[in-house]
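Examination of the molecular architecture
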Amino acid sequence: MAKMRLSIVPFVILWAGTAHGAVVHVPIKSSLVLKPDEAYTITVEATQPMELGWQAVQAKRCTTNCVQATDVTGGINYTIATPLGASREYTPVSGKISVEYKNVSSEPVTINIYRVQRTCEAEACKFLDESQKDRWLVFKVDEFKSIATSNDGSYSVISGVTVAGRSFSFRAVWWTDDKTALTVNCAPFVKRYLENHTPKEQYRPYIISGQAIGETANIVLKSIDTCAPKAPNFGVPDKNVFK
């Protein structure tokens, strides 16, 4: 689940990362023609959350939102409408997921409905477990001690001491399956601090923020959104700080 927070960040490092993986659209219903105001509901069996999507494939492209997808599985009926297509993750109820696709335009549309299958070939993927619930975690670093990055650059093991005086070591995952994304990667800069023996006063407190899985001795930090040196005013609740 995406999490929102407000903070003042003086420095964020964006890196054009390599996505060691693939996204495959597994067909569920192809070339489905929907007349204006016509709806079609698909139901799939599932024991865990599943990402489903649709894509408009008719010759004349939609110029406005033409298809609306509504989660009718049960509970909250999430809705999304776009001109070309979209996908989102759905949670099953009683072993099933049901989604209604409705033509909300004034012209016929043809769509493909699919399941999103994501594969990961990065070295970091062996540490990622989608079944584990993540949490927002922020490291306020007083001093870096070491960094070791995998051969494919998908993750680094970073160790150091927090501003509270506690030693830490965690795996920072730089990998993403979105090939167009600009990911946050502070590995080159942490490495430079260590190789140049940069005095900690020049970067402390250094903020590394992301979504964590695992406990203290085996923390994996993914979806990293902030790498910021000299950021004493970074806004974060005390409960989300590694101490």
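The preceding data block contains the structure.
To keep things clear, this report deals only with the structure shown in the data block. (Residues numbered from 1 in each chain as written. Predicted model: local features only at pLDDT ≥ 70, side-chain atom pairs only at ≥ 80, totals over all residues. Heavy atoms only, no water.)

1. Section: the side chain of Gln58
Cut-off, in case you're wondering: Numbering of helices and strands starts at the N terminus; helices are DSSP runs of H or I of at least 4 residues and strands are runs of E of at least 2. The cut-offs for exposure are 20% and 50% of the maximum accessible area for each residue type, with area from a 1.4 Å probe on protein chains only; residues under the lower value are buried, those over the upper are exposed, and the others partly exposed. The definition of a polar contact used here is a pair of N or O atoms within 3.5 Å, where within protein one atom must be able to donate a hydrogen and the other to accept one, and adjacent residues in sequence count solely through side-chain atom pairs. The contact rule is simple, with two residues in contact once any of their heavy atoms fall within 4.5 Å.
Looking at the element boundaries, Gln58 is found in the loop between β4 (50-56) and β5 (67-71). When its relative accessible area of 15% is taken as the criterion, Gln58 is described as buried. A polar contact of 3.2 Å, which involves the side chain of Gln58, links it to the backbone oxygen of Lys60. Side-chain polar atoms of Gln58 contact the backbone nitrogen of Thr110, separated by 3.1 Å. Other than its neighbours up to four places away in sequence, Gln58 contacts Val109 and Thr110.

2. Section: the nonpolar core
Nonpolar side chains in soluble globular proteins tend to be buried together. Note the threshold: Here the nonpolar core consists of buried residues drawn from Ala, Val, Leu, Ile, Met, Phe, Trp, Tyr and Cys, with membership extended through side-chain atoms lying within 4.5 Å.
Core analysis: the biggest nonpolar cluster contains 23 residues, and Phe139, Phe144, Phe170, Tyr206 and Ile208 have the highest contact counts within it. Residue assignment for this core shows that the elements contributing at least two residues are β10 (135-149), β12 (167-173), α1 (187-195), β14 (206-213) and β15 (220-228). At four residues, the largest contribution of residues to this core is made by β10. Core analysis: the second largest hydrophobic core is formed by 21 residues, Leu34, Ala46, Ile97 and Tyr101 among them.

3. Here we look at the pattern of salt bridges
For side chains bearing opposite charge, pairing can occur when the charged atoms are close. For clarity, the threshold we go by: A side-chain nitrogen of Lys or Arg and a carboxyl oxygen of Asp or Glu constitute a salt bridge if their distance falls within 4 Å.
For the coordinates displayed, the defined rule picks out six salt bridges. A salt bridge links Asp134 to Lys222; its shortest N-O distance comes to 4.0 Å. Within this pair, whereas Asp134 is found in the loop between β9 (109-120) and β10, its partner Lys222 is found in strand β15, the two being separated by 88 residues in sequence. Judged by its relative accessible area of 11%, Lys222 is buried.

4. Focus: the pairing of β12
What counts here: When DSSP finds two or more bridges between a pair of strands, those strands are recorded as paired.
Summarising the sheet, strand β11 (residues 155-162) and β12 pair through seven bridges and their orientation is antiparallel. From the neighbouring strand, Ser156 faces β12, where its bridge partner is Ala172. Here β11 folds back onto β12, and the loop between the two strands holds four residues, one of which, Gly165, carries a positive phi near 90°. Both β12 and β15 contribute to a ladder of two bridges, which runs parallel.

5. What about unusual backbone geometry?
The step from Arg204 to Pro205 runs through a cis peptide bond, and the omega angle for that step is -10°. As for its position among the elements, Pro205 is in the loop between α1 and β14. Even without glycine at this site, Lys230 takes up a positive phi of about 50°. Mapped onto the elements of the fold, Lys230 is located in the segment after β15. For Lys230, a relative accessible area of 45% gives the class partly exposed.

6. Concerning the sheet that holds β10
Applicable threshold: Orientation is described by axes fitted as lines to C-alpha atoms, over the contacting stretch for helices, and by angles from 0 to 180 degrees between their N-to-C directions.
A barrel is described by the order of its strands in space; here five strands give the closed sequence β10-β11-β12-β15-β14, paired in mixed fashion. Strand-to-strand twist across the sheet, computed as the mean angle between neighbouring axes with direction ignored, equals 55°. Packing against the sheet, α1 makes contact with β10, β11 and β14, and its axis sits at approximately 45° to β10.

7. Things to note about the sheet that holds strand β6 (residues 79-82)
Taking strand neighbours across the sheet as the criterion, the four strands line up as β3-β8-β5-β6 in an open arrangement whose pairing is antiparallel. Each edge of the open sheet carries a strand with a single partner, namely β3 (39-45) and β6. Strand-to-strand twist of the sheet, defined as the mean angle between neighbouring strand axes without regard to direction, takes the value 20°. Pairing analysis gives seven bridges linking β3 to strand β8 (residues 96-103), with the strands arranged antiparallel. In the sheet register, Glu45 faces β8, and the bridge partner there is Lys96.

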